[in-house]
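# A closer look at the structure
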Amino acid sequence: MDLRQLKYFVVLAEELHFRRAAARLAISQPPLSSAIKQLEEELGTPLFVRTTKTVALTYAGQAFYPEALKVMAQLQSACAITREVGAGKRGYLRIGFVGGMLLRGLPELVQTYAAINPEVIVSLREMSSAEQIKAIAHGQMAAGFLHAGVLPPQLDGRVIRHEPFVACVPQNHPLARRSRIELQQLAEEDMVLFARDASPAYYDTVVALCMEAGFSPRVRHEVTHWLTALLLISRGSGVAIIPDAYVRSGLAGVQYLHIHAAKPRSLAHFAWKRSAQDPLLHDFSDYVRRHYEGQSDTVRPTH
C-alpha cells in the first residue's frame, strides 16, 4: 500500500464518481480504477460497490475512510508544520462559507483576524450549507458559516445573524415602486429558490412562509448561489424571498421590498464539530463571536 492509493481512495470516497474523482486527481480513469482494485486486493475486501450508474462505499470502505483520512491528515499536518516552522508561522484552519457571508463582513473578519494572528492561516471554501454540515461532521472542515434552522446534534455553534426576509423583484416589476408588500401578492409569480439539497433550512422556511400566507410557491428556478438568483431576477426570470443581507449586493436591475408581518428570520450560524478540541478553532470562534456582537441585524431595503 502506498500514499498514492490512499489519496485515490479518499478522493473517490468523497466524490463517489470515477469520472469526477479522476478529474479532481488530474488523471484518467483507468489508473484510478487500477489503483483502487490493487488496494482492495491488498486489503482482501471490496471498498466500493460499483454498478453501471452508481458507486457506493461498502461497510469496509466506510470503516477505512476515516482511517485513511487520519493517515493523509497526519502526512499533510507534518508537511504543513514543517513549512510553517520554516516560515515562522503556525496554525491552519479550513473554514466553509455560503456565498451570502460575503455580504455579512466575512472577508473583513478574516483579514483583521489574519492581521492580529499572522501565525494562523485561515483558508475559506465556498460550500452549500448541506455540504458544510457533512464536511464538518466528517472532519473535512474545521468549521463553517452556514444557514440552518437547527444544527444537527453532532455540531455546535452560535447564531451570528438574525435577518428578516425581503422580497426581491425585477426593477421593472409592477410591485417595484412599493416599499412594503403582502406576501400573498407574490402568489402568482414564478419563484427563484435555493435548491433544498443545498440549503434545506432556507427552502423549508420560504415554503412555510408562503403556505402560511395561503399559497404554495410556484417554483420555476432552483439555484445554489445567491448571485445566480439575483441575476435571474434582474433579467425578469422570477422573484425571490431572500435574507435582507443581499440588499448589500448593489446589483442593478432588482428591487428589495419589505414583507408585511414576515415573522420567521434567516439564521446565519458559525458551526463546528461538537467534539472538536482544537484550541486554535476555539480562539477563532471567540473572535467570530466578538466580531458579530453588537452588529445591526438588518440592512434596510432601498427603493
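That block above? That's the structure.
Residues numbered from 1 in each chain as written. Predicted model: local features only at pLDDT ≥ 70, side-chain atom pairs only at ≥ 80, totals over all residues. Heavy atoms only, no water.

### Points about the nonpolar core
A general feature of soluble globular proteins is that nonpolar side chains tend to end up buried together. Leu-183, Leu-186, Met-191, Ile-241, Ile-242 and Tyr-256 are the most contacted members of the largest nonpolar core, which has 38 residues in total. Counting 24 residues, the second-largest nonpolar core is a separate cluster that includes Phe-97, Met-101, Tyr-287 and Val-288. (Core = buried A, V, L, I, M, F, W, Y, C linked by side-chain atoms within 4.5 Å. Buried < 20%, exposed > 50% of the residue type's maximum accessible area, 1.4 Å probe, protein only.)

### Focus on helix α3 (residues 29–43)
Helix length check: α3, at 15 residues, gives a terminal C-alpha distance of 21 Å against a target of 21 Å (1.5 Å per residue), a fit within 8%. Buried within α3 we find Leu-32, Ala-35, Ile-36, Leu-39 and Glu-40. Taken end-on, α3 shows its buried residues confined to a sector of 135 degrees, consistent with a single buried face. Exposed side chains of α3 directed beyond 90 degrees from the buried face belong to Pro-30, Lys-37 and Glu-41. Directly beyond the C-terminal end of α3, a positive phi value near 80 degrees is found at Gly-44. (Helix = DSSP H or I, 4+ residues; strand = E, 2+ residues; numbered from the N terminus. Expected span 1.5 Å × (residues − 1). Arc of directions from axis to C-beta.)

### Overview of the pairing of strand β12 (residues 265–273)
Across five bridges, the pairing between strand β5 (residues 143–147) and β12 is antiparallel. Following the sheet pairing, Ala-143 is matched in β12 by Trp-272. Two elements, strand β6 (residues 155–170) and β12, share nine bridges in a ladder whose sense is antiparallel. Paired with Leu-155 across the bridge in β12 is Lys-273. (Pairing = 2+ DSSP bridges.)

### Describing the environment of Leu-186
For Leu-186, the location among the structural elements is in the loop between β7 (180–181) and β8 (190–194). In this structure the C-alpha to C-alpha distance between Leu-186 and Val-239, which are 53 residues apart in sequence, comes to 8.0 Å. Excluding its chain neighbours within four sequence positions, the residues that come into contact with Leu-186 are Ala-167, Leu-175, Ile-181, Met-191, Phe-215, Val-239 and Ile-241. (Contact = heavy atoms within 4.5 Å.)

### Concerning the packing of helix α2 (residues 18–25) against α3
Between two packed helices, both the angle of their axes relative to each other and the distance between the axes serve to describe the pair. Taken N-terminus to C-terminus, the directions of α2 and α3 make an angle of 105 degrees; their axes are 9 Å apart at the nearest point. Considering the angle they form, α2 stands roughly perpendicular to α3. Taking contact as the criterion, the partners of Phe-18, Arg-19, Ala-21, Ala-22 and Leu-25 in α2 are, on α3, Gln-29, Leu-32 and Ser-33. Partitioned by chemical class, the residues of the contact of α2 with α3 number five nonpolar, two polar and one charged. (Axes fitted to C-alpha atoms, helices over the stretch in contact; angles between N-to-C directions. Parallel < 35°, antiparallel > 145°, perpendicular 65-115°, else oblique. Nonpolar A, V, L, I, M, F, W, Y, C, P; charged D, E, K, R; others polar.)

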